[in-house]
Amino acid sequence: METEQTGAPLVIERAALRRGSRTLWSGLDLTVRPGELIAVLGPSGSGKTTLLRAILGLDRLSDGRITALGEPVHRAGNRRIGYIPQQRPLPPDTSMRARDLVQLGVDGHRFGIPIPRRDDRARVDELLVTAGAATFADRPVGLLSGGEQQRLRVAQALADRPRLLLCDEPLTSLDLANQEAVVRMIDRHRRESQAAVLLVTHDINPVLGKVDRILYLAGGRFTLGAPRDVLRSDVLTDLYGAAVFVMRAGNRLVVVGAPDAEASHHHHEGEHE
Amino acid sequence: MNWGDVWGAMFGGVGDYGEILALVSNSVWAGAVLGLVGGLIGVFVMQRDMAFAVHGISELSFAGAAAALLLGADAVTGSIVGSLVAAALIGWLGARARERNSIIGVLMPFGLGLGILFLSLYPGRSANRFSLLTGQIVTVQNGQLGWLILIGGVVLVGLVLLWRPLRFDSLDPQAAAARGVPVRWVSLAFMLLLGLVVAVAVHIIGALLVMALVVTPAAAAMRVTAGPLAVPLLAALFGVAAAVGGILLAVMGELPVSPYITTISFAIYLACRAVGARRDRVTRSL
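In this text, all values refer to a predicted model and were calculated from it rather than measured experimentally.

A.B. asks: Just to check I follow, could you spell out the overall build of chain A for this structure?
C.D. replies: A count of helical and extended segments in chain A gives eight helices and 12 strands. Rg of the C-alpha trace for chain A: 19 Å, near the compact-globule value of 19 Å for 273 residues, within the 12% margin. Principal-axis analysis of the C-alpha atoms places the extent of chain A at approximately 55 × 40 × 35 Å. Residue burial in chain A is summarised as follows: out of 273 residues, 42% are buried. A separation threshold of at least 6 residues defines the contact pool for chain A, and within that pool the share at least 24 residues apart is 65%.

Now the structure itself:
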């Protein structure tokens, strides 16, 4: 346990992902330090979701080795890693309250007679407060807004205080207030638990102030580095092989001209499958 | 049509109700167990969007029972074999909703056709043939009723033990898999439990009407509440009310059980819709 506490929560060595004859990226080495937040950027279909799922043991890379929380990835799913999958709105008649959604993170994996435990309940209450959800804890989840649902899913992922947190587009289609709330929850957990965070996003701005490094996957290759070294017109132009401009507006960055397949973005839920 | 005949068909047996009831008490128990597990499993059927799968499984279950009749084997065993084969096929081939629906759409008419073929070749009494499609619990023998009750009990235990991972997988399979829930096995186990429930239901209300006890009660419960305990409890209650109420009413006369069960089930659903609509209005105006 000692090495795990002090060692890197995530080590990726010589990772490669190929689809048929096409190489999405190869030779990826990445060591994530405790408390570090890495944003994963790149166009649709660049293997961002597959990378996260490979860390969880749910998908396989074409090549390379992943060590998560001191153990090589060896089976499907890992309860010690927090995971926020890409969002899907819940149907309005979902028979579950806000509290129950969070509770799944605490005991959803347990088989056997579902008898509630007192400390589980306390943990759920705590998580609901973290999510700012105490006021709607007993409302049906299907009737909540997308932002409220997303905050609950973040709380669910944080249930076991994971030291590695993987977030797949956690801010998509949220309003500004909810984007900020979700970023605050993730950032707070990172600081309090010294957790490493890998966050897939197509818009860097909501997290720009918190990001330590950026992993940019595009054009069959990748670039890894501090935001100021990656988010540059020359670097991204080279990566995409097309004219891309990074412009500064106040303390925000705008990437213009990146050939992002954003229009098809909402139709590729099965990207990882 | 003579209204006197209708009255006689519905309530002709009221005079001997006590004796009739003693004769059919096992049927009532089988109905109660089926109502209970049908309501419970229905909650997951709704959440997993599998109403169509229920229908598909029941047609193959019917084919299995018909084949058993023709071969001189036990009809309950036949329906279980048919159900489990269908459930396993759907669970194995149709992981995604879209594929699943096309597989069911292909299997269902095939199963129904096979069943009709077996029944036309079957030399036995014609009443027996019809009952597999539209149900007639009171003609099921006592030994078989014992089996139906036992199978219901097995499904109940299975559902309780799988409860939390199944809920997790039904809501968010990706998050569940990431948390180490063996989602493939959980889904397959669910399909097999569903197959067993359907096999029991085929004998009680018939292959064509299985949904009245496996889908309708849960759909009704979900209209009026969202509590994790309230929905399954209410669904089970509705299922038991429809199954037991239907049998108790039917044995007063000589009409089949199924229309009573389906009518009660549907009436409960309508009432729940009305209550749910009222609740939504109130919630919105708050």
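From this point, the discussion proceeds with the structure in view.
A.B. asks: I'm lost on the pairing of strand β4 (residues 63-68) of chain A in this one. Help?
C.D. replies: Both faces of the sheet carry side chains from a regular strand, because those side chains alternate between them. All names here are of chain A. Where strand β1 (residues 10-19) lies against β4, five bridges are found, and the strand directions are antiparallel. By the bridge assignment for β4, Ala 16 is matched with Asp 63. Turn length for the β4-strand β5 (residues 71-72) hairpin, with the two strands adjacent in sequence and antiparallel, is two residues, and the turn residue Leu 69 shows positive phi of about 50 degrees.

A.B. asks: Any chance you could explain helix α2 (residues 17-47) of chain B here in plain terms?
C.D. replies: Owing to its 3.6 residues per turn, the α-helix brings residues three or four apart onto one side. The largest bend in α2 of chain B amounts to roughly 60 degrees and is located at Val 24 of chain B. Where α2 of chain B terminates, the next one or two residues include Asp 49 of chain B, which has phi positive at roughly 60 degrees.

A.B. asks: Would you mind showing me how to read the sheet that holds strand β9 (residues 213-218) of chain A here?
C.D. replies: Strand pairing in a sheet is mediated by backbone hydrogen bonds. Such pairs are either parallel or antiparallel. Residues and elements named next belong to chain A. Across the sheet, six strands lie side by side as β6-β7-β8-β3-β9-β10; this open sheet has mixed pairing. Where the open sheet ends on each side, the last strands, each with one partner, are β6 (81-84) and β10 (221-225). Averaged over neighbouring strand pairs, the angle between their axes works out to 15 degrees when direction is ignored. Pairing between β6 and strand β7 (residues 164-168): four bridges, direction parallel. Bridged to Tyr 83 within β7 is Leu 166. Contacting β6 and β7, helix α5 (residues 146-157) crosses the sheet at an angle of about 165 degrees to β6.

A.B. asks: Help me understand the packing of helix α11 (residues 216-224) of chain B against helix α12 (residues 230-250) of chain B, please; the structure alone is not making it clear to me.
C.D. replies: Axis angle and axis distance: for two packed helices, these are the angle between their axes and the distance between the axes, and together they describe the pair. All names here are of chain B. Close contact between α11 and α12 brings their axes to 8 Å; oriented N to C, the two are set at 135 degrees. When the axis of α11 is compared with that of α12, the two are oblique. As α11 runs across α12, the sense of the crossing is right-handed. Contacts between α11 and α12 pair Pro 217, Ala 218, Ala 220, Ala 221 and Met 222 from the former with Val 231, Leu 234, Ala 235, Phe 238, Gly 239 and Ala 242 from the latter. For the contact of α11 with α12, the residue count by class is 10 nonpolar, one polar and no charged.

A.B. asks: I would appreciate a short explanation of the confidence of the model for chain B in the present structure.
C.D. replies: Note: predicted coordinates in regions of low pLDDT should not be interpreted at a detailed level. On average, residues of chain B carry a pLDDT of 89, and 96% of them reach 70 or more. Across the assembled chains, the prediction reports ipTM 0.89 with pTM 0.90.

The rules behind the values
- Residues numbered from 1 in each chain as written.
- Chains lettered and ligands numbered in written order.
- Predicted model: local features only at pLDDT ≥ 70, side-chain atom pairs only at ≥ 80, totals over all residues.
- Helix = DSSP H or I, 4+ residues; strand = E, 2+ residues; numbered from the N terminus.
- Rg over C-alpha atoms; globule rule 2.2 N^0.38 Å.
- Buried ≥ 20, exposed ≤ 12 C-beta atoms within 10 Å, placed from the backbone.
- Contact = placed C-beta atoms within 7 Å.
- Pairing = 2+ DSSP bridges.
- Bend = angle between axes of the 7 residues up to and from the residue.
- Axes fitted to C-alpha atoms, helices over the stretch in contact; angles between N-to-C directions.
- Parallel < 35°, antiparallel > 145°, perpendicular 65-115°, else oblique.
- Left-handed = near helix turned anticlockwise from the far one by under 90°.
- Nonpolar A, V, L, I, M, F, W, Y, C, P; charged D, E, K, R; others polar.
- pLDDT = per-residue confidence, 0-100.

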